[in-house]
Amino acid sequence: MMMRYILWRIAAMIPTLLIISALIFTIIELPPGDYFESYISELQAQGEGVDMQEIEELRAQYGFDKPPILRYFHWVGGMLTGDFGYSFEYQLPVNEVVGDRLWLTILVSFCTILVTWLVAFPIGIYSATHQYSWGDYGLTFLGLLGIAIPNFTLALILMYFANIWFGISIGHLMDQKFLGEPMSWEKAKSILEHLWIPVIIVGTAGTAGMIRRLRANLLDELQKQYVVTARAKGLHPFRALIKYPLRMSLNFFVADIGSILPQIISGAEITAIVLSLETTGPMLIKALQSQDMYLAGSFLMFLAFLTVIGMLISDIALAFLDPRIRLQGGSAK
Amino acid sequence: MTSSPLPESGAPLAHFVSTAPFDPYALKEMTPAQIRVNSASQLRLMWWKFKRHKLALASGIFLAVLYLMILVSEFLAPYNLHSRNVDFIHAPPQGIHLFHDGTFVGPFVYGREMTLDMDTLRRVYTEKPDDIEPLRFFCSGDPYRFWGLFDASTHFVCPAKDGQFFLLGTDRLGRDVLSRIIYGARISLTIGLLGITVSFILGIVIGGLAGYHGGIFDLVAQRIIEVLQSIPSIPLWMALAAIMPVTWSPILIYLGITLILGLLDWTGLARAVRSKLLSLREEDYVLAAQLMGAKSSRIIGRHLVPGFMSHLIATATISIPGMILGETALSFLGLGLRPPITSWGILLTEARSVSVIAFYPWLLFPTIPVILVILAFNFLGDGLRDAADPYK
């Protein structure tokens, strides 16, 4: 049963990814002209000669002379075999340009989710069990503040205070000397030292949303008859909370990853640009600005892929937790 | 045997007859307050319920005042959006004083003198304690064209003649930050409203068709919604914003940005509409309308949607903050609006690096209205959502 559910869920992922890829391809195809045109005009502006021969060759090599639909299949087909195309800006295959960045993006997102959970879970439970208390109001307000402060301002302010109080510069994700070096203990340590700032910044917004939803969910659950019965029979309030309502809201907790993951990745991109982290953010914005379409497209595709996979994992975890979902099979959600 | 509350056995029971006139409906009669509640219209009930949510009420009033303010930005701002004060570049905020040497003067600021610190090459502004510059109210200052219709120069407050009044400091071109925030509100606040209009229309049409007709259209719409919700919005916004041609005029870019924000935001609304319609379309009054030959557009628009409009408005209110934040982020990254159109995000681009914040922290002031507006919309949305179903 479980196996069938997982297989069904993975199969359902494929059309989603196909639609996403078509959407992203359309977006990066939309602007008039292509990278070569802006490249040629840039060269001409600088007064340099343009080797049209070479450009035409490049154009043919990457299929820019073919109709868009063929190029789309070429792009998707390439991605399936691990070839993400060619970055014109860096004059390197996208795979090489990207390097560690994908993994670091995953690392930042993953740590943020963990922190979000660790913070939101106790606070959400507290807020729900102490509804309308000062603690509830205070924490809810703090959470809302987390939503309201734009990520980038928070990043700037934290950067400033970290500079003043700890005398450290918190931009980047690692010490600059480790850039481009293979992974080592030193490098891992350096990354961990830098990681907490982006995690805090990105986490604030997601945490607030999660607290609110967890609180609402647990409140619904706590008002149900079975909790009243359990309390009436003399069960200790703590046990009456832990035994059933909490387990019910745990399901929701896992399922909620679907709604916070896109938010976290969005936030991570902006924060990364402000803090110039070695993740996909800064490179994505540069690629978008210079119409480096394969690079931008691959980044967008990767980010979408990351969310889709995250949702897949949360759905599967949910199916383990909640038998109702695996029994219903396809109609879940 | 002492007296007991019970009558003695066999004795006749005490008899009592009420002299009040007999009214068999007395029990069903309601107090005037109850009548008021029971006969109140839905809108009135919602208002009563909404009023109880004090924070939401305050937020609503706050937002209403802000939206009224953007109608008269020119009048409220002490300076014009683009007026530059070359002598006061990066001037820090000035405090308003009331007393000078223990005597009451009324609101005034001290004049300032700029010197260049030759070591750090920074401008240093020192207050001249004997130079009192009283503020003028309802005065004539920078000339402007009100709404582009007629010329005027009346401001709510302006500096003394040849004086200065920078309550929140100036930026790198010597432009007054406060005035720019007031003008920026125009763009930042309307972008959320326009964006939500786009997403509202899309959400109702797509969600309505999907929920009412079901079938293949529903399937396709569901998939699209799922896909759009699984793509992180900011990178997608960035991509869409980046493809807008550089040749577009700033006003076209502004419309483009609102369209982009709306295009990706309708999914939540469409879902709400769809799930509501799925249950409502089985109601008898829908069948009646169908039998009378109403077209589906009429049934959806005339009979179904008004039934849960309040829910939709609440949902929409909650998604406005996301749009305002999105625009701010896009503009901050340089992908959104372009000067001369000025939004709070554009203002924040001035505070892009740590060194700017260290030297000129007042350039971060535009964050405060952003935070307040986002909070207010959140509270208002919460209140509206609670009030949306007054019969619960």
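Just so we're clear, the structure is a prediction, and the values are computed from it rather than from any experiment.

**Considering the overall build of chain A**
Thinking step 1. Secondary structure assignment for chain A yields 16 helices and two strands.
Thinking step 2. Going through the 333 residues of chain A one by one, you find that 39% of them count as buried.
Thinking step 3. Considering only residue pairs separated by 6 or more positions, chain A has 73% of its internal contacts joining residues 24 or more positions apart.

**Re the domain arrangement of chain B**
Thinking step 1. Domain assignment breaks chain B into domain 1 (1-32), domain 2 (60-70 + 183-388) and domain 3 (94-165).
Thinking step 2. Its C-alpha centre places domain 1 of chain B at a distance of 83 Å from the equivalent point of domain 3 of chain B.

**Structural notes on the sheet that holds strand S2 (residues 103-117) of chain B**
Residues and elements named next belong to chain B.
Thinking step 1. One open sheet holds the three strands; their spatial order is S1-S2-S3, and the pairing between them is antiparallel. Strands at the two margins of the open sheet, each flanked by one partner only, are strand S1 (97-100) and strand S3 (122-134). Between one strand axis and the next, the sheet turns by 55 degrees as a mean value, whatever way the strands run.
Thinking step 2. Of the strand pairs in this sheet, S2 and S3 are connected by nine bridges, and their pairing is antiparallel. Residue pairing for S3: Val109 is matched across the bridge by Glu133.

**Notes on the UniProt feature "domain: ABC transmembrane type-1" (unreviewed entry) in chain B**
Thinking step 1. Per the UniProt record, the feature "domain: ABC transmembrane type-1" (unreviewed entry) sits at residues 185-381 of chain B.
Thinking step 2. For residues 185-381 of chain B, the helix share is 77%, the strand share is 0%, and the end-to-end C-alpha distance is 20 Å.

**So, the nonpolar core**
Thinking step 1. Grouped together as the largest cluster of nonpolar side chains are 161 residues, with contacts concentrated most on Ala296(A), Phe299(A), Trp237(B), Met238(B), Ala239(B), Ala241(B) and Ile374(B).
Thinking step 2. Element by element, the count of residues in this core is highest for helix H5 (residues 177-213) of chain B, at 16 residues.
Thinking step 3. Residues contacting Trp237(B), with those up to four places away along its chain left out, are Ile260(B), Leu264(B), Gly326(B) and Leu330(B).
Thinking step 4. The next biggest cluster of nonpolar side chains, apart from the first, holds seven residues, and it includes Ala91(B), Phe108(B), Cys158(B) and Phe165(B).

**Some details on the environment of Asp87(B)**
Thinking step 1. Mapped onto the fold, Asp87(B) is located in the loop between helix H4 (73-76) and S1.
Thinking step 2. Linking Asp87(B) and Gly184(B), residues 97 residues apart in sequence, is a C-alpha distance of 23 Å.

**Some thoughts on the UniProt feature "transmembrane region" (unreviewed entry) in chain B**
Residues and elements named next belong to chain B.
Thinking step 1. Those residues carrying the UniProt feature "transmembrane region" (unreviewed entry) are residues 55-77, 187-212, 251-273, 312-337 and 357-380 in this numbering.
Thinking step 2. With 83% helix and 0% strand, residues 55-77 has its two end C-alpha atoms placed 28 Å apart.
Thinking step 3. The annotated region residues 357-380 carries 71% helix and 0% strand content, and the separation between its end C-alpha atoms amounts to 32 Å.

**Digging into the confidence of the model for chain B**
Residues and elements named next belong to chain B.
Thinking step 1. The share of residues in chain B with pLDDT of 70 or more is 98%, and the mean pLDDT across the chain is 84.
Thinking step 2. Element-level mean pLDDT values for chain B span from 79 in helix H1 (residues 32-39) up to 92 in helix H3 (residues 54-69).
Thinking step 3. We note a pTM of 0.83 for the whole complex and an ipTM of 0.79 for its interfaces.

**Focus on helix H10 (residues 284-291) of chain B**
Thinking step 1. Counting buried positions along H10(B) yields zero of eight residues, so the element is predominantly exposed.
Thinking step 2. Residue Gly293(B) follows H10(B) closely and has a positive phi angle near 90 degrees.

**A look at helix H12 (residues 309-333) of chain B**
Residue and element names in this part refer to chain B.
Thinking step 1. With 25 residues, H12 should reach 36 Å at 1.5 Å per residue; the first-to-last C-alpha distance of 36 Å fits that figure.
Thinking step 2. At Ser319, H12 is deflected by roughly 25 degrees, the largest bend along its length, and proline Pro321 occurs up to four residues later in sequence.
Thinking step 3. In terms of residue burial, H12 counts as a mostly covered element, since 20 of its 25 residues are buried.
Thinking step 4. At the C-terminal side of H12, Gly334 shows a positive phi close to 85 degrees.

**Here we look at the interface of chain A and chain B**
Thinking step 1. Facing 36 residues of chain A, the contacting portion of chain B comprises 32 residues.
Thinking step 2. Breaking the side of chain A that touches chain B down by element, the ones donating at least two residues are helix H1 (2-29), helix H7 (134-148), helix H8 (151-165), helix H13 (257-275), helix H14 (280-289) and helix H15 (293-321) of chain A.
Thinking step 3. Residue composition of the side of chain A that touches chain B, grouped by class: 29 nonpolar, six polar and one charged.

**A few points about the pairing of strand S5 (residues 150-158) of chain B**
Thinking step 1. With seven bridges connecting them, strand S4 (residues 136-146) of chain B and S5(B) associate as antiparallel partners. Its bridge partner being in S5(B), Arg136(B) is matched across the sheet by Cys158(B).

**Comments concerning unusual backbone geometry**
Thinking step 1. Even without a glycine there, the phi angle at Ser276(A) is positive, about 40 degrees.
Thinking step 2. For Ser276(A), the position within the fold is in the loop between H13 and H14.
Thinking step 3. With 12 C-beta atoms packed within 10 Å, Ser276(A) lands in the exposed category.
Thinking step 4. One non-glycine residue, His90(B), lies in positive phi territory at about 55 degrees.
Thinking step 5. Along the chain, His90(B) turns up in the loop between H4 and S1.

**Re the confidence of the model for chain A**
All names here are of chain A.
Thinking step 1. Averaged over all residues, the pLDDT of chain A is 79; the fraction at 70 or higher stands at 89%.
Thinking step 2. Across chain A, helix H10 (residues 225-232) holds the top mean pLDDT of 88, while helix H16 (residues 323-328) sits lowest at 67.
Thinking step 3. Per-residue pLDDT stays below 50 along residues 329-333; that stretch engages in four contacts with residues further than four places along the chain or on separate chains.

**Description of the packing of H1(A) against helix H6 (residues 215-230) of chain B**
Thinking step 1. Look at H1(A) against H6(B): their axes get within 10 Å of each other, and the N-to-C directions meet at 70 degrees. Considered as vectors, H1(A) and H6(B) are oriented roughly perpendicular to each other. Taken together, the residues of H6(B) that come into contact with H1(A) (itself represented by Pro15(A), Thr16(A), Ile19(A) and Ile20(A)) are Arg223(B), Glu226(B), Val227(B) and Ser230(B).
Thinking step 2. Counted by class, the contact of H1(A) with H6(B) contains four nonpolar, two polar and two charged residues.

**A few points about the packing of helix H9 (residues 266-280) of chain B against H12(B)**
Residue and element names in this part refer to chain B.
Thinking step 1. H12 packs onto H9 with a crossing angle of 160 degrees between their chain directions and a minimal axis gap of 10 Å. When the axes of H9 and H12 are compared, the pair comes out roughly antiparallel. Crossing handedness for the pair H9 and H12: right-handed. Facing H9, whose interface residues are Gly268, Leu269, Ala272 and Val273, H12 presents His311, Leu312, Thr315, Ala316 and Ser319.
Thinking step 2. Its residues assigned to classes, the contact of H9 with H12 comprises five nonpolar, four polar and no charged.

**A word on the pairing of S2(B)**
Residues and elements named next belong to chain B.
Thinking step 1. Strand direction decides the pairing type here: S1 and S2, joined by three bridges, are antiparallel. Residue Phe99 lies in a different strand from S2, and its bridge partner there is Phe104.
Thinking step 2. Counted along the chain from S1 to the antiparallel partner S2, the turn is two residues long, and its residue Asp101 has a positive phi close to 55 degrees.
Thinking step 3. Between S2 and S3, which pair antiparallel in sequence order, lie four residues; one of them, Leu121, sits at a positive phi of approximately 60 degrees.

Conventions used here
Per chain, residue numbering runs from 1 following the sequence as it is written. For naming, the first written chain is A and the first written ligand is 1, with later ones following in the order written. Local features in a predicted model are, by the rule used here, given only for residues with pLDDT of at least 70; side-chain atom pairs are given and counted only at 80 or more, and totals for whole chains, interfaces and linings are based on all residues. The helix count covers DSSP runs of H or I at least four residues long, the strand count covers runs of E at least two residues long, and both are numbered beginning at the N terminus. To assign burial, the other C-beta atoms lying within 10 Å of each residue's own C-beta are counted, with C-beta atoms placed from the backbone; 20 or more indicates buried, 12 or fewer indicates exposed, and intermediate counts indicate partly exposed. By the convention adopted here, residues make contact when the C-beta atoms placed from their backbones lie within 7 Å. Domain delimitation in this document rests on an assignment produced automatically or drawn from a domain database. Paired strands are those between which DSSP finds at least two bridges. Axis definition: a line fitted to C-alpha atoms, limited for helices to the stretch in contact. Angles are taken between N-to-C directions and run from 0 to 180 degrees. UniProt positions are given in the numbering used here, feature names are shortened, and annotations may be inferred rather than shown by experiment. Here, a nonpolar core means buried Ala, Val, Leu, Ile, Met, Phe, Trp, Tyr and Cys residues linked by C-beta atoms lying within 7 Å of one another. Note on scores: pLDDT gives the predictor's confidence for each residue, bounded by 0 and 100. Helix span is expected to be 1.5 Å times the residue number reduced by one. The quantity called bend is, for any residue, the angle between two axes fitted respectively to the seven residues ending at it and the seven beginning at it. Throughout, the ten residues Ala, Val, Leu, Ile, Met, Phe, Trp, Tyr, Cys and Pro are labelled nonpolar, Asp, Glu, Lys and Arg are labelled charged, and all others, Gly among them, are labelled polar. The scheme is simple: roughly parallel for angles under 35 degrees, roughly antiparallel for over 145, roughly perpendicular for 65 to 115, oblique for anything else. Here a crossing is called left-handed whenever its near helix is offset anticlockwise from the far helix by less than a right angle, and right-handed whenever the offset is clockwise.

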